[in-house]
Every structure is written in C-alpha cells, then in structure tokens.
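A closer look at the structure
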Amino acid sequence: MKSTRPFLLVEDDQVDAMTVKRALKVIKVTNRLHIAGDGEQALAYLRDPKNETPCIILLDLSMPRMNGIEFLHVIKKDKTLKRIPVVVLTSSKEEQDRVDSFDLGVAGYMLKPVDYAQFVEVVKTIDLYWTLSELPPGE
Amino acid sequence: MMKIKHLMLYLALVALAAGLLWAGLALHTLWPDWRWENEPVHSSVEALGTVVAIFMTLVLFQRKQKEGDEKFFSLSIGFLSMGLLDGFHAFSSPGHGFVFLHSVAGLAGGFCFALVWLPGWGRYVSGRAHIPWAAAVASTLCGAWALLWPGTLPPMVYNGEFTTTAVNINFFAGVLFLVATARFVLDFQRSGELEAWLFACLTLLFGLAGLTFRHSLVWDSGWWLWHLLRLTAYLLVLGFVVRQYLVMVSVLQVALAEQRRTEKELRKHRDHLEELVTERTAELNARVAEVERLNRAMTNLLQDLQAANRNLEQTARELQKANKELADFAYIVSHDLKAPLRAISQLAGWVSTDYADVLDADGQEMLTLLTGRTQRMHNLIEGILQYSRIGRVREKERNVDLKQLVQEIIETLAPPEQVQPSVRDTLPTVAGEPTRLTQVFQNLLDNALKFMDKPQGRVGVGCVEQESHWLFSVSDDGPGIEEKHHARIFQMFQTLTPRDETESTGIGLALVKKIVETWGGKIWVESTVGQGSTFFFTLPKEGEK
C-alpha cells in the first residue's frame with residue numbers, strides 16, 4: 001500500500017476479522033487496521049475528526065443494524081467520504097449484491113474463500129493493486 | 001319527299017274540285033230547267049246535316065279537351081253555329097228567312113273555320129269557356145228571329161233568283177272556307193294525316209258551294225247537288241273523325257285495361273312484398289334476439305374471464321411472494337450456514353499452524369478431518385442451494401452449441417489421460433438455459449469419471465435425434481449400478497458408496513433429474529454390474545416444451 005493511512009475493515013464476524021488481520025500480517029502490511037463491527041460504527045469512526053481518514057475500506061455486506069449496501073449508500077452521498085476506495089469482501093455470491101455494489105461505485109468485489117490460503121491471496125492482491133494504483137488525494 | 005300516297009291524295013283533291021265544278025256546270029247546261037221542289041227531303045237532308053254538325057261539335061270538343069289542339073276549338077264552334085243555323089233553315093219554308101239562315105250559317109261556319117289559321121286565338125279572349133254557349137245562344141236567337149220575323153231580314157231572294165246580298169254573303173263565306181282549305185292542305189303537307197286531307201275536302205266543298213251559289217237557283221239541280229255533296233262531305237268527315245275518336249277510345253280502353261292490369265300486378269307485388277317484409281322482419285328479429293343472447297353470453301363469459309384473470313393475478317402475486325420468500329430463505333440459510341463453516345475451517349487451520357509443535361500426528365489428523373468435514377458441509381449447502389434454484393431461478397434461453405459446451409465441461413473436469421471422454425455422435429445446437437444444460441452434462445460426466453473403477457476406462461457422450469425430442473446419453477464402463485438401486489440414486493443425498501470413500505454430496509443426480517423434468521424430459525439409467533452404466537435423458541425440441 002502506498003499510503004501509511006490506516007485500513008478500515010467493516011466486518012461483524014470475529015473469525016473473518018481475525019482472518020483479515022492474519023492475512024495482512026502474512027503479507028507484511030504495516031498499515032494500521034481499524035475494525036468496525038457494523039455500518040453505524042464505521043460511520044461514527046469516519047466522521048470523528050480525531051480519526052485519520054483511512055486509505056481503503058474493506059467492507060462486508062451482511063452486518064447487523066446497518067448492512068454493507070446501506071453503508072455504501074450513506075458514504076457515497078458524503079462529499080468527503082465518497083472518495084475513499086471501497087473493496088467489498090463478502091461471502092455473498094448473489095448477483096443483486098454485486099449489481100448494487102458496483103452501482104454504488106465500489107472499487108472491487110472479492111468473494112471470501114473458504115480456504116484460508118486463498119483468502120491470503122485475495123488480500124495480497126488487493127494490497128498489490130493499491131500499491132500500484134494511485135490513491136485519491138487524501139487530507 | 002312526297003310519298004306516292006300523298007301525291008295521289010293531292011291529285012284526288014284537285015280532281016274532286018275540278019270534277020265537281022264540271023259536274024255542276026254539266027248539270028246546269030244539260031238540265032237548266034230541272035226543278036225538284038221537295039221540302040221534306042230538303043228538310044231531312046238539312047236536319048241530318050245539322051245532327052251531324054252537332055255531333056261533330058261534340059266530338060271535336062272532346063278531341064280538343066283530350067288532345068289540346070286548339071284548332072278543334074274553332075272547328076267545333078263553327079260546326080255548332082253552322083249546325084244550329086242550318087237546323088233552323090231546315091224547318092223554314094222557302095223565303096228570305098230560308099236563304100238568310102243558310103247564308104248566315106255558311107258565313108258563321110266559314111268564319112270559324114278560317115280561324116284555324118289562328119289556333120291560339122281562344123287564349124286571348126277572356127271568358128273563353130262561355131264562347132261555345134254564346135255561339136249557341138246567338139245562333140238560336142238568330143234562327144228563331146229569322147223564322148218568326150222573316151220580314152225584318154234583308155232581301156235574299158227575288159223572283160226566284162238570289163239577291164246580290166245573298167250572293168255576296170255566300171261568296172264571302174266560300175272564300176273563308178277556301179282559306180280554311182289552304183290551312184288544312186298545309187297541315188296535310190306537314191303531317192301527312194288523312195284527317196287533314198278530309199277536312200280540306202270538306203272545306204273545299206263548302207267553299208266551292210259558297211262560290212258557286214250565284215249560279216244556282218232554289219230547287220235546281222245544282223242546288224240539290226251541292227246539298228248532297230255537303231251532306232256527303234259532312235258524313236265522310238264525321239265518319240273519319242268518329243273512327244279516329246273510337247280508335248282513340250279503344251286505345252284508351254286498352255291503355256286503361258293495361259293500367260288496371262298493371263295496378264293489379266302492382267297490388268299483388270305490394271302484397272307479396274308486404275309478406276316478404278313481414279317474413280324478413282321476423283327473421284331479423286330472430287337474428288337480433290340471437291345476437292343479443294350471444295352478447296349476453298359473451299358478457300357473462302367476459303366477466304367470468306375477468307374474475308378468473310383476477311384470481312390468476314392474485315395467485316401469480318402470491319406465487320411471486322412465495323418465490324421471493326423462498327429465495328430469501330435459501331440465500332439467508334446458505335449464507336448464514338456457510339459463515340460458521342468458514343470460521344471453523346479457518347480456526348482449525350490456524351490451530352494446526354500456530355500450535356504445530358504442540359500437536360502430534362493424531363492431533364493433526366483430527367484437525368484435517370475437521371477441515372474436511374467443513375468442506376463437505378459447504379458442498380452440501382451449495383448443492384441444496386443449487387437444487388432449490390432450479391425451476392425457480394430461470395435464465396434466458398439461448399441457442400447452445402452442445403458440442404462446444406461438452407468440450408468445455410470435459411476440459412473443466414480435467415480427466416486423467418487414461419479416461420478420455422469421447423463424443424460419439426454429432427451434438428446439435430439446441431435452445432435452452434445454458435447453466436442448466438451445463439449442470440446436467442457436468443454432473444453426469446463428473447459421476448462417470450469419479451466412480452471409474454478401471455484404469456483404462458471409457459466414457460462416452462451420445463445423441464440420437466427423434467421425432468419430438470433429442471435423446472442424449474452418458475455412458476461409462478465403470479462399476480455399474482444394481483437394478484434395485486436404479487430409482488434410489490436419483491433421490492436427494494443418496495450415495496451408493498460411503499462418503500469417506502468417495503466424496504460425494506449425493507445431490508448430483510437429484511439435481512440432474514429435477515433439471516431434466518423441468519424442461520419436460522425424462523431420465524433413466526441402464527446398467528450392468530461390473531460392465532458399466534448408461535444414463536439416458538431426453539430434451540424436447542422447440543415448441544414441444
């Protein structure tokens with residue numbers, strides 16, 4: 001990752017969160033990882049001026065209280081927040097979720113594999129991509 | 001061009017005139033002193049002439065009414081006056097009155113006859129209808145006067161000879177008659193009608209009589225000759241006119257009869273028509289009633305259809321709702337069931353990695369089995385999800401080249417070299433849902449490869465075209481399937497081998513069966529234990545589904 005800004009992971013499942021953490025460690029990503037348990041917590045974090053704006057949001061779709069799609073609706077309406085690249089990381093293969101996500105302008109849509117090794121590959125690929133690609137200007 | 005007939009008639013006219021004059025002259029010369037004084041004969045002749053004249057008047061008046069020919073008006077007045085005056089003359093004894101009446105009769109007649117030159121004169125005279133009456137009255141009065149007071153009359157005869165007055169009157173009358181003759185000759189020339197010729201003769205005779213009056217003496221040969229000729233002329237003309245009249249009447253009668261006949265037929269037709277109309281009206285009414293009945297039936301039908309439609313819509317809505325609920329359910333179930341599986345799998349993996357030094361071989365094996373089971377469960381969930389999608393989730397039908405499809409499937413399955421599936425027959429291009437077709441072929445081929453128990457196995461794909469459908473087959477020379485299991489294998493979760501031996505969900509054939517039945521086909525297996533199995537399934541052709 002080009003930036004040193006933190007990653008924001010929006011995920012309610014503890015084991016899935018552990019997986020991401022572990023995977024990032026394996027590929028030696030040094031950026032700080034902040035985890036929000038659902039959409040509302042994520043929004044609270046993003047809107048808090050004390051917090052550094054993350055350089056990327058990894059978003060799960062199925063969460064309680066405010067799910068991924070609803071969260072996307074909100075941040076994409078926000079002038080400052082909508083620029084942050086969002087990669088959906090979900091177990092949902094539903095066509096509709098894919099359509100909605102891309103309609104809302106996500107930067108990527110990755111399926112969570114059952115296999116851990118594959119999961120690591122997925123995270124590695126995301127990191128590699130955003131190392132090569134330019135990030136939107138931050139604050 | 002004049003016809004021969006007309007020429008003859010003209011000649012006859014001239015001959016008549018000349019002949020008569022000659023005859024008169026001859027008589028006068030031969031018997032200058034012949035006298036026959038016979039008052040009764042004279043009176044009869046004159047009376048007959050009067051009767052004829054009156055009759056002519058009536059006939060001509062009728063003709064005028066019927067034909068509207070104005071000249072008949074003058075002629076009828078002429079005949080009327082002449083007739084009446086001659087009538088009085090017939091009953092007077094020789095004397096002034098006698099001659100006076102005859103002369104005045106000729107004058108009146110001549111004057112009226114000459115008026116045929118002015119056929120429209122009647123129109124310019126007011127009280128036209130009264131003219132005949134006036135003429136009749138005047139004639140009667142004159143006649144009566146002459147009879148009663150002959151002495152008041154101007155002298156007509158003197159010493160057996162006619163006076164100049166008498167001669168002049170008669171001469172003038174003659175001239176007038178000849179004037180009329182000219183008119184009738186012209187008419188004859190124009191129309192060629194015999195009637196005109198006859199009138200010309202009549203007026204000629206009267207004219208000549210008037211002109212030659214001076215040469216005759218009362219009761220002499222010439223006198224009698226002219227009387228007779230005049231009478232003959234009267235009769236001839238009358239005869240002809242009456243004949244014409246009768247012809248006209250008979251023509252009218254025929255026309256009348258024709259008209260009556262036509263009227264009768266018309267009436268008959270009208271009645272018939274009325275009958276027809278009544279008939280048709282009744283028919284129409286029946287038809288209308290029929291149409292109305294049908295209309296009502298249609299309206300009822302329409303209402304029923306609408307009600308049925310509403311029901312259908314309602315059912316469709318309910319089905320859609322149920323479908324959606326099922327879809328949601330399937331999604332949620334599969335998702336929520338898969339998530340913990342994933343966690344279990346990953347945690348097991350991490351324990352295996354992080355605590356490798358603490359675990360012994362058994363421990364490691366346990367964790368491996370754990371991971372395996374989660375994978376199995378994942379496959380089962382996926383299978384159920386797929387199974388539930390069939391028939392519910394429809395994709396768009398396309399033309400699928402089965403040859404290409406099967407080729408791709410074989411590549412995906414990546415069978416070992418020894419077992420290369422072969423496509424025996426040419427696979428057609430069919431219309432269908434690509435995913436479903438893939439699932440069918442893939443599952444069958446996968447099974448064939450998975451259960452192959454021989455190192456050099458053969459797997460084949462076949463196709464036979466039949467009238468209404470395609471018959472496909474996937475055959476192998478694997479272990480075969482006992483007949484008693486043929487039905488069971490198509491059931492959900494049924495496996496013939498333990499799951500630990502061959503990792504199989506037991507869903508594949510159930511899935512394939514459901515798909516095949518969705519598109520209206522059939523699936524069955526033929527097998528010999530130890531020699532292999534062939535799975536057959538049908539795909540209905542376009543339009544048959």
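Residues numbered from 1 in each chain as written. Chains lettered and ligands numbered in written order. Predicted model: local features only at pLDDT ≥ 70, side-chain atom pairs only at ≥ 80, totals over all residues. Heavy atoms only, no water.

Here we take up the overall build of chain A. Counting secondary structure elements, chain A contains five helices and five strands. Counting helices and strands in the order they occur from the N terminus, chain A gives β-α-β-α-β-α-β-α-β-α. Scored against the burial criterion, the 139 residues of chain A give a buried share of 53%. When contacts within chain A are restricted to residue pairs at least 6 apart in sequence, long-range pairs at least 24 apart make up 70% of them. Of the roughly 7,200 Å² that chain A leaves accessible, carbon and sulfur atoms contribute 54%. (Helix = DSSP H or I, 4+ residues; strand = E, 2+ residues; numbered from the N terminus. Buried < 20%, exposed > 50% of the residue type's maximum accessible area, 1.4 Å probe, protein only. Contact = heavy atoms within 4.5 Å. Areas by Shrake-Rupley, 256 points an atom, 1.4 Å probe, with all protein chains shown as cover.)

What follows deals with the nonpolar core. Generally speaking, a soluble globular protein has its nonpolar side chains buried in company with each other. Residues and elements named next belong to chain B. Residues Met 56, Phe 79 and Phe 199 are the most contacted members of the largest nonpolar core, which totals 61 residues. Counting only elements with at least two residues in this core, the list comes to helix H1 (4–30), helix H2 (39–67), helix H3 (71–90), helix H4 (96–114), helix H6 (164–191), helix H7 (194–211) and helix H8 (221–354). The contact partners of Phe 199, leaving out residues within four places of it in the chain, are Met 56, Leu 60, Leu 75, Phe 79, Phe 184, Val 237 and Val 241. Formed by 39 residues, the second largest nonpolar core is a distinct cluster that contains Leu 444, Cys 463, Val 474 and Leu 539. (Core = buried A, V, L, I, M, F, W, Y, C linked by side-chain atoms within 4.5 Å.)

All names here are of chain B. Reading across the sheet, the five strands line up as S4-S6-S7-S9-S8 and stay open at both edges, with mixed pairing between neighbours. The strands lining the two open edges of the sheet, one partner per strand, are strand S4 (421–423) and strand S8 (523–528). Going from strand to strand, the sheet's axes swing by 20° on average, the running direction of each strand aside. Pairing of S8 with strand S9 (residues 532–540) involves six bridges; the strand directions are antiparallel. Of the residues in S9, the one forming a bridge with Thr 528 is Gly 532. (Pairing = 2+ DSSP bridges. Axes fitted to C-alpha atoms, helices over the stretch in contact; angles between N-to-C directions.)

Further remarks concern the packing of aromatic side chains. Residue and element names in this part refer to chain B. This structure, assessed with the given rule, holds 12 aromatic pairs over all chains. Pairing Phe 184 with Phe 199 gives two aromatic rings, centres 5.1 Å apart and planes at 15°, and the pair type is stacked. Of the two residues, Phe 184 is situated in helix H6 and Phe 199 in helix H7; the sequence distance between them amounts to 15 residues. Given the relative accessible area of 1%, Phe 184 is considered buried. Here Phe 199 falls in the buried class, since its relative accessible area comes to 1%. With a centroid separation of 6.2 Å and 80° between ring planes, the pair formed by Phe 490 and Phe 535 is classed as edge-to-face. (Phe/Tyr/Trp six-rings, centres within 6.5 Å; stacked < 30°, edge-to-face > 60°.)

Here helix H1 (residues 14–26) of chain A spans 18 Å end to end across 13 residues, near enough to the 18 Å set by a 1.5 Å rise per residue. What H1 of chain A keeps buried is the set Val 15, Asp 16, Ala 17, Thr 19, Val 20, Arg 22, Ala 23 and Leu 24 of chain A. Next to the buried residues of H1 of chain A lie strand S1 (7–10), strand S2 (33–36), strand S3 (56–59), strand S4 (86–90) and helix H5 (116–132) of chain A together with H8 of chain B. Of the residues that open H1 of chain A, the one with a side-chain oxygen 2.8 Å from the backbone nitrogen of Val 15 of chain A is Asp 13 of chain A. Following H1 of chain A by one or two positions, Lys 28 of chain A has its phi on the positive side, about 60°. (Expected span 1.5 Å × (residues − 1). Polar contact = N/O pair within 3.5 Å; in protein donor to acceptor, adjacent residues only side chain to side chain.)

Right, let's get into the pattern of salt bridges. Counting across every chain of the model gives 24 salt bridges over all chains. Arg 261 of chain B serves as the salt-bridge partner of Glu 258 of chain B, at 2.6 Å between the closest nitrogen and oxygen. Taken as a pair, Glu 258 of chain B and Arg 261 of chain B lie in helix H8 at a separation of three residues, close to a single helical turn. Look at Arg 261 of chain B and you get partly exposed, because its relative accessible area is 43%. Connected through shared salt-bridge partners, Glu 11, Asp 16, Asp 60 and Lys 112 of chain A together with Arg 342 of chain B make up one network. (Salt bridge = Lys/Arg side-chain N within 4 Å of Asp/Glu carboxyl O.)

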